[in-house]
Amino acid sequence: METKTQPETKEANPMKKQRMNGSEAVIQSLLHEGVDLIFGYPGGAIMPVYDALYHYQEKLRHVLVRHEQGAVHAAQGFARVTGKVGVCVVTSGPGATNAVTGIADAMIDSTPMVVISGQVASPLLGTDAFQETDVVGITQPITKWNYQVKRAEEIPEAIAKAFYIARTGRPGPVVLDITKDAQFGMLDFEYNKQVKIRSYKPTFPIKKDSIAEAVRLINLSKKPLALVGQGVILGGAEDELKTFLEKTGIPAAWTLLGLSALPSDHPLNVGMLGMHGNYGPNVKTNESDLIIAIGMRFDDRVTGNVQKYATNAKVIHLEIDKAEINKIIYADVPVVGDVKQSLPMITEMVSETNHDEWVKEFRACDKIEDQKIITPELYPAKEGLTMGEVVRRVTEAYDNDAIMVTDVGQQQMIASRYFKFKNTRSVVTSGGLGTMGFGLPAALGAQLGMPERPVCLFVGDGGIQMTIQELGTIYQTKAPVKIILLNNNYLGMVRQWQELFFDRRYASTLLENPDFQTICKGYYVESSIVHKREELDDAVKKMVEHDGPYLLEVRVEKEGNVFPMVPTGASVSEIRLE
Amino acid sequence: MKQEFTLSIYSENHVGLLNQITTIFTRRHINIESLTTSESAIPGVHKFTIVVFTSRDQINKLLGQIERRIDVLKAFVFTAEEVIHQEIALYKVKTEALLNSNEIEKLVRQYGARILEVTSEYTVIEKTGHKDETQELFDKLNRFGVSQFVRSGRIAVTKLNQELLSNYLVKLENDLSILD
Ligand SMILES: Cc1ncc(C[n+]2csc(CCOP(=O)(O)OP(=O)(O)O)c2C)c(N)n1
Ligand SMILES: [Mg+2]
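Residues numbered from 1 in each chain as written. Chains lettered and ligands numbered in written order. Predicted model: local features only at pLDDT ≥ 70, side-chain atom pairs only at ≥ 80, totals over all residues. Heavy atoms only, no water.

Concerning the coordination of the magnesium ion (ligand 2)
When a metal carries six donors in an octahedron, the ideal angles between them are 90 or 180 degrees, while four donors in a tetrahedron ideally lie at 109.5 degrees.
Residue and element names in this part refer to chain A.
Turning to step 1, where the next piece is worked out: At this site the magnesium ion (ligand 2) is bound by D461 (OD), N488 (OD1) and Y490 (O), with donor distances of 2.1 Å.
Turning to step 2, where the next piece is worked out: You can call D461 buried: its relative accessible area is 1%.
Turning to step 3, where the next piece is worked out: Of the residues examined, N488 reaches a relative accessible area of 3% and is grouped as buried. (Donors = N, O, S within 2.8 Å, 3.2 Å for Na, K, Ca; no water. Buried < 20%, exposed > 50% of the residue type's maximum accessible area, 1.4 Å probe, protein only.)

Points about unusual backbone geometry
Note: most residues except glycine have negative phi, and most peptide bonds are trans.
Residue and element names in this part refer to chain A.
Turning to step 1, where the next piece is worked out: In this model, F563 is joined to P564 through a cis peptide bond whose omega is 0°.
Turning to step 2, where the next piece is worked out: On the secondary structure map, P564 appears in the segment after β20 (550-555).
Turning to step 3, where the next piece is worked out: Phi at N489 is positive, roughly 65°, even though this residue is not glycine.
Turning to step 4, where the next piece is worked out: Looking at the element boundaries, N489 is found in the loop between β18 (482-487) and α19 (492-501). (Helix = DSSP H or I, 4+ residues; strand = E, 2+ residues; numbered from the N terminus.)

Let's talk about the sheet that holds strand β3 (residues 45-55) of chain B
Residues and elements named next belong to chain B.
Turning to step 1, where the next piece is worked out: Spatial strand order, β2-β3-β1-β4: 4 strands in an open sheet with antiparallel pairing. For this open sheet the edge positions go to β2 (32-39) and β4 (72-79), each flanked by a neighbour on one side alone. In this sheet, adjacent strand axes meet at a mean angle of 20° when their direction is disregarded.
Turning to step 2, where the next piece is worked out: Both strand β1 (residues 2-12) and β3 contribute to a ladder of 11 bridges, which runs antiparallel. In the sheet register, S11 faces β3, and the bridge partner there is H46.
Turning to step 3, where the next piece is worked out: The strands touched by helix α2 (residues 56-68) within the sheet are β1, β3 and β4, with β4 carrying the most contacts at an inclination of about 165°. (Pairing = 2+ DSSP bridges. Axes fitted to C-alpha atoms, helices over the stretch in contact; angles between N-to-C directions. Contact = heavy atoms within 4.5 Å.)

Description of the site of ligand 1
All names here are of chain A.
Turning to step 1, where the next piece is worked out: Close to ligand 1 lie 18 residues; Q410, G434, G462, G463 and G492 are nearest.
Turning to step 2, where the next piece is worked out: In this structure, an oxygen atom belonging to ligand 1 sits 2.9 Å away from a main-chain N or O atom of Y490.
Turning to step 3, where the next piece is worked out: Contact with the protein chains covers 76% of the free accessible surface of ligand 1, which is 580 Å².
Turning to step 4, where the next piece is worked out: Going through the elements one at a time, α16 (410-418) and α19 are the ones with two or more residues in the shell around ligand 1. (Near = heavy atom within 4 Å. Polar contact = N/O pair within 3.5 Å; in protein donor to acceptor, adjacent residues only side chain to side chain. Areas by Shrake-Rupley, 256 points an atom, 1.4 Å probe, with all protein chains shown as cover.)

Observations regarding the interface of chain A and chain B
Turning to step 1, where the next piece is worked out: Taken together, the contact pairs 25 residues of chain A with 27 residues of chain B.
Turning to step 2, where the next piece is worked out: For the pairing of chain A and chain B, the buried interface totals around 2,300 Å² over both sides, and the portion due to carbon and sulfur atoms is 46%.
Turning to step 3, where the next piece is worked out: Taken as a group, Q140(A), K196(A) and R198(A) account for 32% of the area that chain A buries against chain B, more than any other trio of residues on that side.
Turning to step 4, where the next piece is worked out: Remark: the boundary between chain A and chain B carries 3 salt bridges.
Turning to step 5, where the next piece is worked out: Among the ionic pairs, R198(A) bridges to E12(B), the shortest N-O distance being 2.8 Å.
Turning to step 6, where the next piece is worked out: Run the count over chain A and chain B and you get 7 residue pairs in polar contact (both at pLDDT 80 or more).
Turning to step 7, where the next piece is worked out: The biggest single contributor to the side of chain A that touches chain B is helix α6 (residues 155-167) of chain A, with 4 residues. (Buried area = accessible area lost by both parts, 1.4 Å probe. Salt bridge = Lys/Arg side-chain N within 4 Å of Asp/Glu carboxyl O.)

Overview of the packing of helix α15 (residues 387-397) of chain A against α16(A)
Residues and elements named next belong to chain A.
Turning to step 1, where the next piece is worked out: α16 packs onto α15 with a crossing angle of 50° between their chain directions and a minimal axis gap of 9 Å. One finds that α15 runs oblique with respect to α16. Handedness of the α15/α16 crossing: right-handed. Residues M387, G388, V391 and T395 of α15 form the contact with α16, whose participating residues are Q410, Q411, I414, A415 and Y418.
Turning to step 2, where the next piece is worked out: Among the residues forming the contact of α15 with α16, the class breakdown is 5 nonpolar, 4 polar and no charged. (Parallel < 35°, antiparallel > 145°, perpendicular 65-115°, else oblique. Left-handed = near helix turned anticlockwise from the far one by under 90°. Nonpolar A, V, L, I, M, F, W, Y, C, P; charged D, E, K, R; others polar.)

Some thoughts on the domain arrangement of chain B
Residue and element names in this part refer to chain B.
Turning to step 1, where the next piece is worked out: Partitioning chain B into domains gives domain 1 (2-84 + 157-174) and domain 2 (85-155).
Turning to step 2, where the next piece is worked out: Placing the centre of domain 1 and that of domain 2 at their C-alpha centroids yields a distance of 30 Å.
Turning to step 3, where the next piece is worked out: If you look at the interface, domain 1 gives 10 residues, while domain 2 gives 4 residues.
Turning to step 4, where the next piece is worked out: In total, about 610 Å² of surface goes out of reach between domain 1 and domain 2, with carbon and sulfur atoms giving 48% of it.
Turning to step 5, where the next piece is worked out: Linking domain 1 with domain 2 are 1 salt bridge, by the criterion used here.
Turning to step 6, where the next piece is worked out: Here E4 and R154 are joined by a salt bridge, their closest N and O atoms 2.9 Å apart.
Turning to step 7, where the next piece is worked out: If you look at where domain 1 meets domain 2, you find 4 residue pairs in polar contact (both at pLDDT 80 or more).
Turning to step 8, where the next piece is worked out: Of all elements in the fold, only β1, β2, β3 and β5 (83-94) reach the threshold of two or more residues within the side of domain 1 that touches domain 2.
Turning to step 9, where the next piece is worked out: By residue number, the principal contributor to the side of domain 1 that touches domain 2 is β2, which donates 3 residues.
Turning to step 10, where the next piece is worked out: Residues that form the side of domain 1 that touches domain 2 fall into these classes: 5 nonpolar, 4 polar and 1 charged. (Domains from an automatic or database assignment.)

This is the structure in structure tokens:
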């Protein structure tokens, strides 16, 4: 964008343009977007931006992480609990490549994020200069949009565009790669937040006839089932969902990322879908005559074998991203658009009914699952501690109203199954990518985003070691995250698969762990360890009451398994209870 | 059932778009039979013409993912009958072979090809047409030895009298709903 120097040519905008360099323009643009917290790590190619940050410390807080992957996951945690765009700043080359995992994670989980990477000066581009990598090339398939800024004058417009793209429509990560000379270059700064991109249509007006057809199918249905995805949370449509469900009496099951959109104790909440989800919603998917998918994308962890999925049902698919329609499951009635708009349109027209008998069938399934799985997990008769009982103690200690962050593995599935929620945006977990190491930095970001709410992280002994250095960031920020380390001495989820599908050949899943208590000491993070059931209540109490970050390590049963389970390739109705 | 499709993809003229579009095909292991890029009749708007062999179901999924890219304006898919399309082929033969008999000259006439350049050593023949036609000429010429052969990607226009995109762009300009 070519900016003219004479302010009188732009009479519509009385704001006087300010002369500044590109780095200051980066900071000013972020402030115009309402950003007050960013995560990052400095280095040569981004130093001018850090220098500018120095002058804005009061307005724009920068959290120095210990590894760029941590910066991205922290920004994700922040974005997921606040609904705002997470922001991180990294240097060129290794700084940017370290951020790649987090960017891919944000892409697949639709997390709004802007990553600003420094780049070598533009005359050096393409010459294999020191710390040069093709960041735009590398991140192209894992970003919603990316762009290389080579001139200072482009900065305000590029940042406005980045934020607009990141937060609208189906959200996602945007990478802006800013060359060092663009950071140094001078410009006349002017910020226009509103951008219009003719090639980008974030959402679509809802088609009236698709609503009418959806309403017709819902009114006819005897056994409807609503599938709640993250789209409900991203669209801020939790109330609209509740109103729809309560008018129709339709039972609702959730995907991993749809968790907390509907309170856990809502009478129509029938539990989690998919591989380690609840028995009822999985089995009943194939008995249902109408699937109403709301802001979800039929991930293979949800559907199991797609050929044998929802075999008796018609499908209504409410989704903002047109490319998701018919991608995995054919939609008899696609309703493209924001669910915050489409849900009330359906609710208004649909007949008031209930499906009490049908909901009772789910409750009958719950009884079976309770007896076979939930009771033994939460109230074990055996000596060893289960992950489930720990999760239950923690959720109850917070009156079922904390933010739950998880890493990846058995502890993630157990936490998602047994943690309870009253409020939305209370879950931060790596769904689509399943990134070990996500938890610790994401918990930090979530806590900084929601300082008033308790944040509990459930993390395994494997995963914590992938980003353990962020204990340093947690110490430095004093973010009072509560870390529950469920130590089973194994890469538990992989070991479970080895037990079930590879004849117990435990190849490289046994961990010789460090002394996590000593590590915490080294990082000045308060901690304790629990070996026996008798110690658990007190330890949880101590953790909850501690004012500041805390790590509670619980030695759980080494070879515990997560059940129920839909084995790969099986139908959801073939879910195994043992 | 697999069949041939021609895609017309309109985009902003940005660096890196070609890569953005082709990875959508390569991720799904769909071979691009031919690809041409050029300016369209609308200033500033670029056009990709891509030919692939795949199923209707698959092509619709691809279309969704292509249009999802921020800088892509719109993508259209056609079967061969729905568009007017052409390819251009160049054939290089020895001039000696041309002079030895009148066979090559006869082929050139018969196929509506033309001779682009004649030197004492070689002759370059050009033919535009559909792939099967340019291929047929190749097979026939090759009996006399074709030392070099090249065929361009397909280019195509629709049977409508405007760029399909024009209406869409006008609609976009008037549609304020895309602003949040
Ligand atoms: C970065 C990364 N590498 C590998 C995996 C594969 N993986 C999934 S779960 C898991 C085991 C996790 O072990 P731990 O963190 O101890 O958690 P547990 O399952 O024991 O609760 C592994 C290795 C992954 N998801 N992410
Ligand atoms: Mg473990």
